[in-house]
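Single-letter residue listing:
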There are 2 protein chains.
Amino acid sequence: MTTVLPSASDTASPVASPLATSLRSHTCGALRAEHAGARVTLGGWVHRSRDLGGLVFLDLRDRDGVVQVSFDPSSADDETRRTAAAVGIESVVLVEGEVVLRPAERRNAEMATGEVEVRATAIRVVGAAETPAIPVARGRGEKLPSEDLRLRYRYLDLRRPELQHSLMLRHRLAQRTRRYLSDNGFLELETPILTKPTPEGARDYLVPSRVHAGEFYALPQSPQIYKQLFMVAGFDRYFQIARCFRDEDLRADRQPEFTQIDIEASFVDQDDIIRLAEGLIVELFAENGVEVTAPFRRMTYRDAMEGYGIDRPDLRYDLKLSDVSDVFRGTEFGVAATVLDAGGRFRGLVAPGGARFSRKEQDELQALAKGAGAHGAIFLKRTDGKLEGGPAKFLRPDAADALGLTDGDMAIIVAGPDHVTSPALDRIRQDVARRLGLVRDDALELLWVVDFPMFERDPKTGALAPMHHPFTSPMLDDAHLLDTAPEKARARAYDVVLNGTELGGGSIRISDPTLQAKIFSLLGIDDETARARFGFLLEGLRAGAPPHGGIAFGFDRIAMLWSGAGSLRDVIAFPKTTAARALFEGAPTHVPPEDLQELRLRVEEEGK
Amino acid sequence: MTTVLPSASDTASPVASPLATSLRSHTCGALRAEHAGARVTLGGWVHRSRDLGGLVFLDLRDRDGVVQVSFDPSSADDETRRTAAAVGIESVVLVEGEVVLRPAERRNAEMATGEVEVRATAIRVVGAAETPAIPVARGRGEKLPSEDLRLRYRYLDLRRPELQHSLMLRHRLAQRTRRYLSDNGFLELETPILTKPTPEGARDYLVPSRVHAGEFYALPQSPQIYKQLFMVAGFDRYFQIARCFRDEDLRADRQPEFTQIDIEASFVDQDDIIRLAEGLIVELFAENGVEVTAPFRRMTYRDAMEGYGIDRPDLRYDLKLSDVSDVFRGTEFGVAATVLDAGGRFRGLVAPGGARFSRKEQDELQALAKGAGAHGAIFLKRTDGKLEGGPAKFLRPDAADALGLTDGDMAIIVAGPDHVTSPALDRIRQDVARRLGLVRDDALELLWVVDFPMFERDPKTGALAPMHHPFTSPMLDDAHLLDTAPEKARARAYDVVLNGTELGGGSIRISDPTLQAKIFSLLGIDDETARARFGFLLEGLRAGAPPHGGIAFGFDRIAMLWSGAGSLRDVIAFPKTTAARALFEGAPTHVPPEDLQELRLRVEEEGK
C-alpha cells in the first residue's frame, strides 16, 4: 500500500481550500470540474461502498458533501484496492489521488461533485468504525429510525446532512446577529449562570454550593434583571445570545435549556426597538437568501383578538372573525338570550365553500371548539340561497346575508364570553384554513402586535397578573387608569409574529422606582416579597435609571423555522427529550450519597 | 421649563450619530468641534455639577464620555436653571441645547469633548438618583472604595469609565474572535449546560432535577467531550466562547464560572492548531492596537523546566537557570554528597549585580525557596574577584568562574531533586528579576511550550496522572514507551504563554479507541469507571473518529491582560468574590424547605 503523504505541499491544486490542513488538501464535498487534474489528499467518512470485483468505489463524505472515489487497477495497487474493499461504512479514511472528470454518461447531476471523481492511488484507515447502530446514509424514501434511537446515538445522527445543514445555518444566523447588533452599537455582555434563587421561583433550577454547603444558587430563567441593570450602569446597548433555563413539565416542543437573542437599549421608545428588531429580522432572512422588507405590518392586541381570536394571528390566510351577535339577538334560538344577557357574544367566521363539509368534518370542528373550552360550534351553510343548519329556522330571512354567506359557504359560530370564544375560534380558523387549502405556504407574514394590556385578570379570582412581566411600562396616556381601571391600561409591549408563530417580544421597561412599586402593589406583591425577589433591581432604579427597553427572540425557534426543521431538537446539537432527559449522555442521573454529603444534602425516599 | 422634545428630526447635525434614538440626537462623549452650531438632545448621567450663582454647569456622562453642559441666563430660563442646579449627582437627565465652541482659554485638553460645551435650553430629569452609595466620579488621586463595597453596589461601580472600557474591550475581543474563527471555517456550536455528573467529579456543580426528583444534572467543567464528539460527528471545525464551571475552593483569582474560547478541528496535526491559534492571538492584539508577529518562539517542556524551572517561563528577562552540580561534586560541602548521591542536583541562576543584596533581601529569597518546599537557597557572591558566602570555602579556586559570576554578581543556588529545585528557583527568578528591575515592562514575549510529558508520576505513590487530560495523544515516536517507560512518553500537547502567563493550551486527541483504553488503564482507571465517566466518548471513537485536536484559551484572563485590569473581577460584569459569593445579588442563599421538598431534597444539619 502506498503511504498517504500527509502534506499539502505536493498536492498542486488550482483552487486552494481554506480548510486545507497538513492531513488534507481539500474537503470532499468541495471538489468540482475545475479541480480536474489536481492531486488531492482527502479525509472523510465512508458513506457508501461498492466492490465491482477489483474495481472499488467509495463515496467519501465530510461536512461539505460527498465525492466518489474510485480504486481502479490502473492506478491503485492490489493492497490499496483490498483495503478500500474491506473498509467498513462510516470509517474514517485518508485518500490520495487525482481528480478526474467523469465520462459524460457517468456524471451525476444530483451530486454537487457529480462531474468528477477521485482516482485513488492510496488509502489509509485512520478511524475504523464498528457497524453503525443507526444508518447515516439512507436509501431514497428510507425512513429515519425512531427519535429516541437517534438521540441515543446522537454522534451518528448528527452526521446526517440535514442536521449538519441545520447546525451550520444556526451558526451563520448567530454570526449575522452579532455582526448586525455590534454594527449598531450593541455590546455583547455576559451575565451570570450561577445567580440568586427567587422566592416562589417555582421553575428555577437550583444549584447547591459546596463551598457554602446548605446554600443554593439558581440558573437564570432569563437575563431580564441583569440587562436592565446594564442600562442602569450606563452600557447603553446590550445584547447576548443567552442560555436560559426553566425547570418545568415540558410541552411538546420546549427544552429545559434554551437560547435567546437578548437585547436592551437606553434612551429609546417603542419605535426605536421595533426598528432595530426589524433590521435584525431582515438580516436573518437575508442570511437564508430570503428578502423581506421593513417596516412590518402592525396590529393592536385588541384588533388581533377581535379579528383572529389570538394575539399572534397567522395572516397567510384571511378567515377573519366577526361579531354576529345581531343575527341572534331577539331570536327564539335556545341559548341566544342567555349568552347575550350575560354579556357574551356570537362570533364566527365564513368558510368559503365550507357548505361541503361532511358530517364527520363538522364533528371534528365541533370537537376542536369543545377542546378549547366552548360549549360547541354552530354551523350554518347556504345552499341554493337557503340557510341550513341547527338554528337556521329561528333566524330572520336576511340572516344568510347578514352572516356574509354566499352560496356554498358555511358560517362557523361560537357563542359565549370572549375568553371562551376566542381560543375556540382560533383553533377552528387554523383548522378550516388547512382543510380548505387556504394557507399560502410560501408567504412570510410578519406582524407586530402592539398595545397589549398591562394585566390579565383571572376570571375566577379576579387577581391581576402581568401580561408580559412586572417590569413592563404602561403607555403614558394610560397611566391614570392604573388607579381606576388597571385592566384597561395598555402596556408599551410588542410581539413580533411570523405566520402565526411568535418570534420574539419585548417592552419598554419601568425606569421609575415609584411606578415600579405601584405595579408590584397592583400585582399583590407586598413590599417584603418585592424586596426579596427584585430588591437589587429596585435599588438600581433608585440609583438613576435611563428610559430603556428591549426585546428577546427565541433563537432555537428561529433556527428551526429558517432551516425547515420539524422540531427544536433538530437545531440543538445535544438536546433533551420532552421528558428533559439527555438520552445520549444519560442525564439526569442518581449520584452516590457521598457526593451529596459534601453538599450537606440528602435525597428523601419517595412518598415521604 | 421648556419641554425637551424627544425627536431627532429637529436637531440638525452635521454628523449623524449611529446611536441616535427618538430620545437623543447624539451621545454625550461623541461631541467635537465639528458639531459646533448643531442643536442636540442628549441623555446622560450627571457626573459633576457646579452652581456659580445663576450659571450652572453639569458634566453629563454616557458610555462614550463626558461633556460639559452650561445653563446660562441668556439661553436657559429661570426654571430650567433651577432644575439644573437642583438635580442630584448620578441622576439621568435629557438636555436640549446648542453645541458651541468654548473660548480658547476655557478649552480642556484632558477631555475628548473639551473643545465644546452644550448651551442648554431645556432639561428634564427622567431618572432621579438617590445619593450614590459609592462615588462614580472621583477626584484626582481619590482612592476607590473597598472591593466588597464596589461588588455590593456593582451597578454604580460599573459606571466607572475604567470598567466601561474593560467590558467594551471584552466585547470587541469576543467579536474579533468569532469573526476570525468563522472566516477560518469554524462553526460556533452550543453545548449543553445541563449535562451528566461524572463519578468522582469532585468539582462538578450538581443540579437537582424537579421532573426527575432524586436525580441530578451537572454543570460542565469544560465542553471537552462534546467538542470531540463534534469531530466524531463530522462538523470538522468547532468553536464556542463557552461558560465553564468549577466548584472548588477558590484561589485568589479564580471564578466559579468562567469563559473560555474553545476550539477543535479535524484532520489536523499540532502545527495546524498552533498556526490557527497564532492567527487568533495576532488578531486579538490587533484589536487592542498592538502588533505582534507569528510564528511565535517554541520551547520544549524539558528546556523550559531546565532553563526556567517552570513550564510557562516569563521571557521578558533572562536569568536562565543552569546545572552547577559539578561545582559541588566531590567537595566537603555538607549536603553535596547527600544530594548528588540521591540523584539530586545543584541548580541556580546568576543575579547580575546581586552581590549588593542585603542580609534582609537574602532572607526574603531564602523564605521564597523554603515556601516552595526547598531546604533553602545558597548564596555565593563575587566581590573583588573573591567568592564569598556559606560554602565558598569548600569550593575549588575556579568556582566563581564555573558559576558564571563576574564581579558584583551573586549566584543563587538550590539543591535537591528537580521537583523541589524547579519551583523554588522559578519563584526566586521572578523575584530577582523584579528586585533588579530586569523586567522589560513593554515587552510581549509569546512562547509555545511543546513536547509535554504524557504523565506526571506522583513522587509518593508512584501513580501516573495525566499532565493535560486523559484524551491527549502521545507523540507517534513515543508510542512504544507507553509499555516500557510511560513517564518518558511525550504528548502532542502545547501551551501558549505570554510573559509568564498561560493564555491557553491544548493537544491532539486520541482518536483510536484501543489507544484510549490503554491510556485509561495506565492511569489506573478500570473499565467500569471508564465506561461510567467517558462511555459516550469511547462509543463515539468506535464509530469512526478522524484525527483531531484543539485548544482552549482563558477568555477572562485575556480580557484582563489586554485591558490592563488588576483582577478577573474587573472584566466580568457580575463576578463572584474569591469566596464564590455574588455580593450584589446575594447568592448563594438558603432556600425555604418547601422548595427543596419538590426536589425530594433535605439539607442536613451541620456537623451531622
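The name given to chain A in an unreviewed UniProt entry is Aspartate--tRNA ligase, with the source organism recorded as Gemmatirosa kalamazoonensis. Quoted verbatim from the Subunit (unreviewed entry) field of UniProt, the annotation for chain A is "Homodimer." Comment text from UniProt for chain A, heading Catalytic activity (unreviewed entry), reads "tRNA(Asp) + L-aspartate + ATP = L-aspartyl-tRNA(Asp) + AMP + diphosphate".

A.B. asks: Would you explain the side chain of A:Gln255 in this entry?
C.D. replies: Residues and elements named next belong to chain A. Along the chain, the position of Gln255 falls in the loop between strand 9 (237-245) and strand 10 (257-266). At 2.7 Å, the side chain of Gln255 forms a polar contact with the backbone oxygen of Lys576. Contacts of Gln255, omitting those with residues within four sequence positions, involve Leu250, Arg569, Ile572, Pro575 and Lys576.

A.B. asks: Explain the relation of the copies chain A and chain B here, please?
C.D. replies: Put simply, the second copy of the chain is the first one after a rotation about an axis and a shift along it. Each copy of the sequence occupies a distinct position, and chain A is placed on chain B by a rotation of 180° and an axial shift of 0.0 Å, giving an RMSD of 0.1 Å. Both chain copies can therefore be described as sitting about a two-fold axis. By residue overlap, the copies meet face to face through one surface: 100% of the interface positions of chain A are interface positions in chain B.

A.B. asks: Honestly, the packing of aromatic side chains in this entry has me stumped. Any pointers?
C.D. replies: Any two aromatic rings considered together are summarised by their centre-to-centre distance and by the angle between their planes. Throughout the structure, instances matching the rule amount to 38 aromatic pairs over all chains. Through a chain of ring-to-ring contacts, three or more aromatic side chains come together here, namely A:Tyr153, A:Tyr155, A:Phe574, A:Phe584, B:Tyr226, B:Phe230, B:Phe235, B:Tyr238 and B:Phe536. Taking the ring centre of A:Tyr153 as reference, the NZ or CZ of A:Arg152 above it sits at 4.6 Å.

A.B. asks: I'm lost on unusual backbone geometry in this one. Help?
C.D. replies: As a rule of thumb, non-glycine residues mostly have phi less than zero, and peptide bonds are mostly trans rather than cis. Residues and elements named next belong to chain A. With an omega of -5°, the peptide bond between Ala294 and Pro295 qualifies as cis. Along the chain, Pro295 turns up in the loop between helix 6 (270-287) and strand 11 (297-300). Of note, Asp384 is a non-glycine position whose phi angle comes to about 50°, a positive value. Tracing the backbone shows Asp384 in the loop between strand 14 (378-383) and strand 15 (386-388).

A.B. asks: Looking at this structure, I do not really get helix 1 (residues 78-86) of chain A. What am I missing?
C.D. replies: It helps to recall that an α-helix has 3.6 residues per turn; residues three or four apart then point in one direction. Residue and element names in this part refer to chain A. Of the residues making up helix 1, those classed as buried are Thr80, Arg81 and Ala84. An end-on view of helix 1 places all buried positions within 95° of arc, on one side of the element. Those residues of helix 1 that are exposed and aimed more than 90 degrees away from the buried face are Arg82 and Ala86. Contacts from the buried residues of helix 1 go to strand 2 (56-62), strand 3 (65-71) and strand 5 (116-127).

A.B. asks: Explain the nonpolar core here, please?
C.D. replies: In summary, soluble globular proteins display a tendency toward joint burial of nonpolar side chains. Among the nonpolar cores identified, the biggest contains 57 residues, and A:Phe230, A:Phe235, B:Tyr155 and B:Phe574 are the most heavily contacted of them. Setting aside anything within four residues of it in sequence, one finds B:Phe574 in contact with A:Pro192, A:Tyr226, A:Leu229, A:Phe230, B:Arg154, B:Leu158, B:Phe584 and B:Glu585. Among the nonpolar cores identified, the runner-up in size contains 56 residues, and A:Ala573, A:Phe584, B:Leu229 and B:Ala491 belong to it.

A.B. asks: Just checking my understanding: could you explain the UniProt feature "binding site: ATP" (unreviewed entry) in chain A for this structure?
C.D. replies: Residues and elements named next belong to chain A. Feature annotation in UniProt places "binding site: ATP" (unreviewed entry) on Arg246, Asp247, Glu248, Gln255, Glu502, Gly554, Phe555, Asp556 and Arg557, given in this structure's numbering. When the annotated set is filtered for residues lining the largest cavity, what remains is Phe555. Note that Glu502 resides in strand 21 (residues 501-508). The partly exposed category is assigned to Glu502, whose relative accessible area is 32%. Of note, Asp556 is situated in helix 16 (residues 555-563). Of the residues examined, Asp556 reaches a relative accessible area of 5% and is grouped as buried. A distance of 2.9 Å separates a polar side-chain atom of Asp556 from the backbone nitrogen of Thr259.

The rules behind the values
- Residues numbered from 1 in each chain as written.
- Chains lettered and ligands numbered in written order.
- Predicted model: local features only at pLDDT ≥ 70, side-chain atom pairs only at ≥ 80, totals over all residues.
- Heavy atoms only, no water.
- UniProt positions renumbered as here; feature names shortened; annotations may be inferred.
- Helix = DSSP H or I, 4+ residues; strand = E, 2+ residues; numbered from the N terminus.
- Polar contact = N/O pair within 3.5 Å; in protein donor to acceptor, adjacent residues only side chain to side chain.
- Contact = heavy atoms within 4.5 Å.
- Least-squares fit on C-alpha atoms with pLDDT ≥ 70 in both.
- Phe/Tyr/Trp six-rings, centres within 6.5 Å; stacked < 30°, edge-to-face > 60°.
- Lys NZ or Arg CZ within 6 Å of the ring centre and 35° of its normal.
- Buried < 20%, exposed > 50% of the residue type's maximum accessible area, 1.4 Å probe, protein only.
- Arc of directions from axis to C-beta.
- Core = buried A, V, L, I, M, F, W, Y, C linked by side-chain atoms within 4.5 Å.
- 1 Å grid on protein atoms, 1.4 Å probe; cavity = no way out; pocket = protein on both sides within 12 Å on 5 of 7 lines; lining within 4 Å.

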